[in-house]
Amino acid sequence: MCMLLSLAGSEACTNFIVGKKASKDGSVFVSYSADSYGMSGFVAHFPAAKHAPGTMREVYDWDSGAFLGLIPEVAETYNVVGNINEHQVAIAETTFGGRPELVDTTGIIDYGSLIYIALQRSKTAREAIEVMTTLTNQYGYYSSGESFSIADPNEAWILEMIGKGGVEKGTVWVAVRIPDDCISAHANQSRIRKFDMRDKENVMYAKDVIKFARKQGYFSGDDKDFDFAAAYCPADFGGLRYCDARVWSFFNMYGDIDMSEYVAWASGDATATPMPLYVKPKHQLSLQDVQKGMRDHYEGTPFDITKDAGGGIYNMPYRLSPLSFKYEGKEYFNERPISTVQTAFTFVAQLRSNMPNAIGGVMWFGADDSNMIVYTPVYCSTTVVPACYAAENTDPVTFSWNSSFWVFNWVANMVYPKYSLVIDDMRKVQNTLESSIYEQSKTVEAEALAAMENSPRYAKKILNDFTCDAAETALAEWKKFGEFIIVKYNDFVVKPEENGRFKRSSTGIGATVKRPGYPEMYRKQIVEQTGDKYLMSDAK
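Before going into details, it helps to say that this report is about the structure given with it. (Residues numbered from 1 in each chain as written. Predicted model: local features only at pLDDT ≥ 70, side-chain atom pairs only at ≥ 80, totals over all residues. Heavy atoms only, no water.)

### Re the packing of aromatic side chains
Two descriptors summarise a pair of aromatic rings, namely the distance from one centre to the other and the angle between the planes of the rings. Scanning all chains against the criterion turns up 34 aromatic pairs. Summarising the aromatic geometry, the rings of Phe250 and Tyr254 are spaced 5.8 Å apart at their centres and angled 75 degrees between planes, so their arrangement reads as edge-to-face. Note that Phe250 and Tyr254 are positioned in helix α5 (residues 237–254) at a spacing of four residues, about one turn of the helix. Ring centres 6.2 Å apart and planes at 75 degrees place the aromatic pair Tyr318 and Tyr419 in the edge-to-face group. In this pair, Tyr318 sits in the loop between α7 (287–293) and β17 (324–327) while Tyr419 sits in helix α10 (residues 419–452), placing the two residues 101 residues apart along the sequence. Each member of the pair Tyr318 and Tyr419 is classed as buried. An aromatic cluster is present here, built from Phe195, Tyr205, Tyr218, Phe219, Phe226, Phe228 and Tyr232 joined pairwise through their rings. (Phe/Tyr/Trp six-rings, centres within 6.5 Å; stacked < 30°, edge-to-face > 60°. Helix = DSSP H or I, 4+ residues; strand = E, 2+ residues; numbered from the N terminus. Buried < 20%, exposed > 50% of the residue type's maximum accessible area, 1.4 Å probe, protein only.)

### So, the side chain of Thr171
Tracing the backbone shows Thr171 in strand β13 (residues 171–178). Judged by its relative accessible area of 1%, Thr171 falls in the buried class. A polar contact of 3.3 Å, which involves the side chain of Thr171, links it to the side chain of Thr136. For Thr171, the contacting residues outside a window of four places in its chain are Thr136, Asn137, Tyr141, Met161, Ile162, Gly163, Lys164, Ala206 and Asp208. (Polar contact = N/O pair within 3.5 Å; in protein donor to acceptor, adjacent residues only side chain to side chain. Contact = heavy atoms within 4.5 Å.)

### Describing the packing of helix α9 (residues 404–415) against helix α11 (residues 456–488)
Relative orientation and spacing of two packed helices are given, respectively, by the angle between their axes and the distance between those axes. It is at 10 Å that the axes of α9 and α11 come closest, and there the two elements cross at 30 degrees. One finds that α9 runs roughly parallel with respect to α11. Relative to α11, the crossing made by α9 is left-handed. Judged by residue contacts, Ser404, Val407, Phe408, Trp410, Val411, Met414 and Val415 of α9 engage Ala471, Ala474, Leu475, Trp478, Lys479, Phe481, Gly482, Glu483, Ile485 and Ile486 from α11. (Axes fitted to C-alpha atoms, helices over the stretch in contact; angles between N-to-C directions. Parallel < 35°, antiparallel > 145°, perpendicular 65-115°, else oblique. Left-handed = near helix turned anticlockwise from the far one by under 90°.)

Right under this line is the structure:
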């Protein structure tokens, strides 16, 4: 998705939402991973601007780059950096697709453009919902079904929207506010089911959301029984096992609820009991809790993928695409965890009502797989994007040592095939960097807060400088880490080291290497597949 990317589309993403009373420090959190092969992750910037009457805005489809049309620009637009604006409004998405016949190829507004137009025009989450639904009704919606996370420092919403397939202009949609003391998630499967049409404070919907479903033959019951997801995105095996299972995993990690009741649903049984839209957490979540959740691979659950042959010699918790494969006439599937190799970028947006907007809104950002990156802060007042996150250094088919996207990919692709050997080394550096940057952020924010009253411009410069310094520091340290592991694990051996320095013999050459060989599980598989072919002759 989004302007943080090349125009390649994101067809499989994950969002978490944490209400302000469900977090440890009163923050509203929205997380996002943009997952699609072929895209590259960078941070775009739309400066605040004034526009003369009659100014028109060109709209291009985010997935293909195709020109869709023109819409009138508004008189004033706000500063937007990545997926957050200067008023601490943040928007993320996951595509659920839904009924294919409802895609309207005559529409002018696609889902990616919709996000950035809304961010440029909204001071609150509610305003963003109004902008998004008004625009698509007026100009038509070009994309398939979409779930949007829309939040500000005080509240968070899920908006689900799908077009009308050219039968009528506009969209059918429902928006539900996530209670402040709850957490929620969505991951490429429609999540809003029944909703309280009488709750005007916490529920918004298109006037014809039920009427249109009846007209199309998607629903025939009483209004009180209307189920948005069932009507517009009927559940199937893939939508549950590949998608809702990721929601299940987040709720299983942090929800104050017995998720065993929903294992059947997450396993792909569309006749089982669906999961709730939101749950209360077992404890209040920190920024680090949300980041940890984004790194999940179903460890310790019925969907754990760390202990079978699919992970290779060193238990890689990823599976090769495509998501299904055939063998001897039968079709099999791979699990699709939250953390995945094809992520272009990931972020956790932190929105704080107890601080001025310039300080309170921060997008903790990383380019590449959430498990393999260092989250660094991008403050919503940023007007100069870090060079390592800039578009000019992030071409999807041109490697650059100046690009965080490419350097983090370089390291990740060295770690993946040797995962269980290398991951502890990586986690140590990752944790050290993230902890150091987070602690520095507290000092920087205090300095910016002190400067804000007398010199808001200087306060914003403090934050922008730190945004750039933190990103470039993470890049530099990750290069060093890449150099370290290519030496330590070269040729499938392990060079002994201590405190980051490789040991040497008394004569100055490298110390004797360790040769770990195959893990026990893999040795067992070799013997089972080859029998006595490799049995030592004196053991026969």
